Amino acid sequence: MEEVKLQKPPKKYMNPYLAGVLLGIVILLSFYFTREGLGASGAFKRGVAKVEQIIIPSHLDSEDSAFHHYVTGGKDPLKNRLVYMIVGVFIGGFLSGAINRRLKLKLEHSPKITSRKRAIAALIGGALFGIGSAFGRGCTSGAGLDGMAVLATSGFVVVAMIFGVGYAAAWFFRKLWI
Amino acid sequence: MGPLFTATDEWSFVIALVIGIAFGFILESAGFSSSRKLAGVFYGYDFVVLQVFFTAAITAAIGLLFFEYFGWLDLSAIWINKFYIGSAILGGGIMGVGFIIGGFCPGTSACALAVGKIDAMLFLGGFIGGVILFDAFFPFYKGFYKANNMGGALIYEDLGMEKQTFLLLFVLVALASFIATAYIQKRVSKKSEKY
């Protein structure tokens, strides 16, 4: 007798080269329409700046803040295309997850580590990425991907460092993943 | 001739939202909402990050070249991120460590959060904490952060090459990496379990 399944399994992932070509076209169109490419970290930096503007406006108004330029001339830090873009990323990610049956609340980790260990690693990794993308003036998308697309030296240097240091450090953190 | 709007034009906000939806959709469809899949690039069991990343970069770079050639886009008007030597190197290095520990980058964590990954939520929480820390201690490294500004430096100019020559080399290196990684992945995934 055939087994009745209430939930169908998630669909397969898209071919990576097809995804890459589509993503490349999206970057191209972004430059064509808006002069700039993709970005993810900028929206979160602007979110932080917005909260600072409300609770400690004197800090943001001074040159002591890295985000001073977000508010010069009375600008609103959130009135920026990157903020709209990250909202889009959430919507697009959710849509793909819904269509491909991948919407599921879970803390994903290697079976060899506990959820708690993965949670701590995610927090620390995130914090490092926050600091790194501030120094790098963008993250993997804004500095790396956009930078390589326009053949900017900064893009190639940032990507080489992310992956170079990632590979160099991979051995030390292998127990988190394999 | 493009770019059609400036980045501060309100139309840019609408377009950015649409672009963001496509960006998030593609990332999730390719499997970037899974930290274990992303981390595979560092251990040889899944090279999807490298494949998507470099395919996107060469597609966009070649596209930009043709858009300029056809007179559709003025490349001197588009945004080129400025290259601050020390800050870019240090920032990239810290991001590399963050990637291997955290398993995400900001864009992929946003799309992973959208499908319900709790580890992505924690990564983003940590990310915001890191940004706050960076800003809190900014005066200590402000000098370093702003030092050695090379402006919107272009890699082919820095290497003393023609743009087309560099782009051809870039494509060839990407293709070689696709072939090499396909071979490595086949060998490694034989012994690693499914995730």
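Residues numbered from 1 in each chain as written. Chains lettered and ligands numbered in written order. Predicted model: local features only at pLDDT ≥ 70, side-chain atom pairs only at ≥ 80, totals over all residues. Heavy atoms only, no water.

Let's shift gears to empty space enclosed by the protein. Within the structure shown, the criterion is met by two cavities of 30 Å³ or more. Size it by volume and the largest cavity reaches roughly 150 Å³. Lining the largest cavity are 15 residues; nearest its centre among them are T140 of chain A together with F32, F53, C105 and T108 of chain B. Take the lining of the largest cavity: its biggest share by element is three residues, from helix 6 (residues 140-149) of chain A. Classifying every residue of the lining of the largest cavity by side-chain character gives eleven nonpolar, four polar and no charged. Size it by volume and the second largest cavity reaches roughly 40 Å³. Forming the boundary of the second largest cavity are F135, G136, R137, S154 and V158 of chain A together with N81, K82, F83, Y84 and A88 of chain B. The residue inventory of the lining of the second largest cavity, partitioned by class, reads five nonpolar, three polar and two charged. (1 Å grid on protein atoms, 1.4 Å probe; cavity = no way out; pocket = protein on both sides within 12 Å on 5 of 7 lines; lining within 4 Å. Points joined across faces, edges and corners; volume = space filled by probe spheres on them. Helix = DSSP H or I, 4+ residues; strand = E, 2+ residues; numbered from the N terminus. Nonpolar A, V, L, I, M, F, W, Y, C, P; charged D, E, K, R; others polar.)

With that settled, consider the nonpolar core. Core analysis: the largest hydrophobic core is formed by 109 residues, its most contacted members being L151 of chain A together with F170 of chain B. Element by element, the count of residues in this core is highest for helix 3 (residues 48-69) of chain B, at 14 residues. Lining this core are residues from two domains, each supplying at least three of them: domain 1 (15-104) and domain 2 (107-178) of chain A. Residue contacts for L151 of chain A: discarding those within four places in its chain leaves F156 of chain A together with A61, L154, I155, Y156, K163, F166, L167 and F170 of chain B. (Core = buried A, V, L, I, M, F, W, Y, C linked by side-chain atoms within 4.5 Å. Buried < 20%, exposed > 50% of the residue type's maximum accessible area, 1.4 Å probe, protein only. Domains from an automatic or database assignment. Contact = heavy atoms within 4.5 Å.)

For the rest of this paragraph, the subject is the packing of aromatic side chains. Under the counting rule described, the total for this entry stands at 34 aromatic pairs over all chains. Seen from their ring centres, F135 of chain A and F134 of chain B are 4.9 Å apart, and the 85° between their planes marks the pair as edge-to-face. You can see F135 of chain A sitting in helix 5 (residues 115-135) and its partner F134 of chain B sitting in helix 6 (residues 118-136), one on each of two chains. Relative accessible area serves as the criterion here: at 1%, F134 of chain B is assigned to the buried category. With 5.7 Å between their ring centres and 50° between their planes, F134 of chain B and F138 of chain B make a pair best called tilted. Here F134 of chain B and F138 of chain B have matching classes, each one buried. Grouped by ring-pair contacts, the aromatic residues F129, F156, F163 and Y167 of chain A together with F42, F53, F54, F99, F104, F123, F166 and F170 of chain B constitute a single cluster. Its end group placed over the ring of Y145 of chain B, R137 of chain A keeps NZ or CZ at 3.8 Å from the ring centre. Above the plane of the ring of W171 of chain A lies R174 of chain A, whose end atom (NZ or CZ) is 4.1 Å from the centre. (Phe/Tyr/Trp six-rings, centres within 6.5 Å; stacked < 30°, edge-to-face > 60°. Lys NZ or Arg CZ within 6 Å of the ring centre and 35° of its normal.)

This next bit is on the interface of chain A and chain B. Interface size, as often reported, equals the accessible area lost upon joining of the parts. Residue-level contacts link 116 residues of chain A with 119 residues of chain B. At the boundary of chain A with chain B, total buried surface from both sides reaches about 10800 Å², with 76% on carbon and sulfur atoms. Interface area lost by chain A to chain B is led by F135, R137 and W177 of chain A, which between them contribute 8%. Between R118 of chain A and D119 of chain B there is a salt bridge whose closest N-O contact spans 3.0 Å. Where chain A meets chain B, there are 44 residue pairs in polar contact (both at pLDDT 80 or more). When contributions to the side of chain A that touches chain B are tallied by element, the ones reaching two or more residues are helix 1 (16-34), helix 2 (41-55), helix 4 (81-99), helix 5, helix 6 and helix 7 (153-170) of chain A. At 18 residues, the largest contribution of residues to the side of chain A that touches chain B is made by helix 1 of chain A. Each residue belonging to the side of chain A that touches chain B can be placed in one class, and the counts come to 70 nonpolar, 31 polar and 15 charged. (Buried area = accessible area lost by both parts, 1.4 Å probe. Salt bridge = Lys/Arg side-chain N within 4 Å of Asp/Glu carboxyl O. Polar contact = N/O pair within 3.5 Å; in protein donor to acceptor, adjacent residues only side chain to side chain.)

Turning next to the packing of helix 7 of chain A against helix 2 (residues 35-43) of chain B. Packing of helix 7 of chain A against helix 2 of chain B leaves a shortest axis separation of 9 Å and a crossing angle of 80°. Between helix 7 of chain A and helix 2 of chain B, the interaxial angle falls into the category roughly perpendicular. Contacts from F163, G166, Y167 and A170 of chain A of helix 7 of chain A reach helix 2 of chain B at V41, F42 and Y43 of chain B. For the contact of helix 7 of chain A with helix 2 of chain B, the class distribution of residues is six nonpolar, one polar and no charged. (Axes fitted to C-alpha atoms, helices over the stretch in contact; angles between N-to-C directions. Parallel < 35°, antiparallel > 145°, perpendicular 65-115°, else oblique.)

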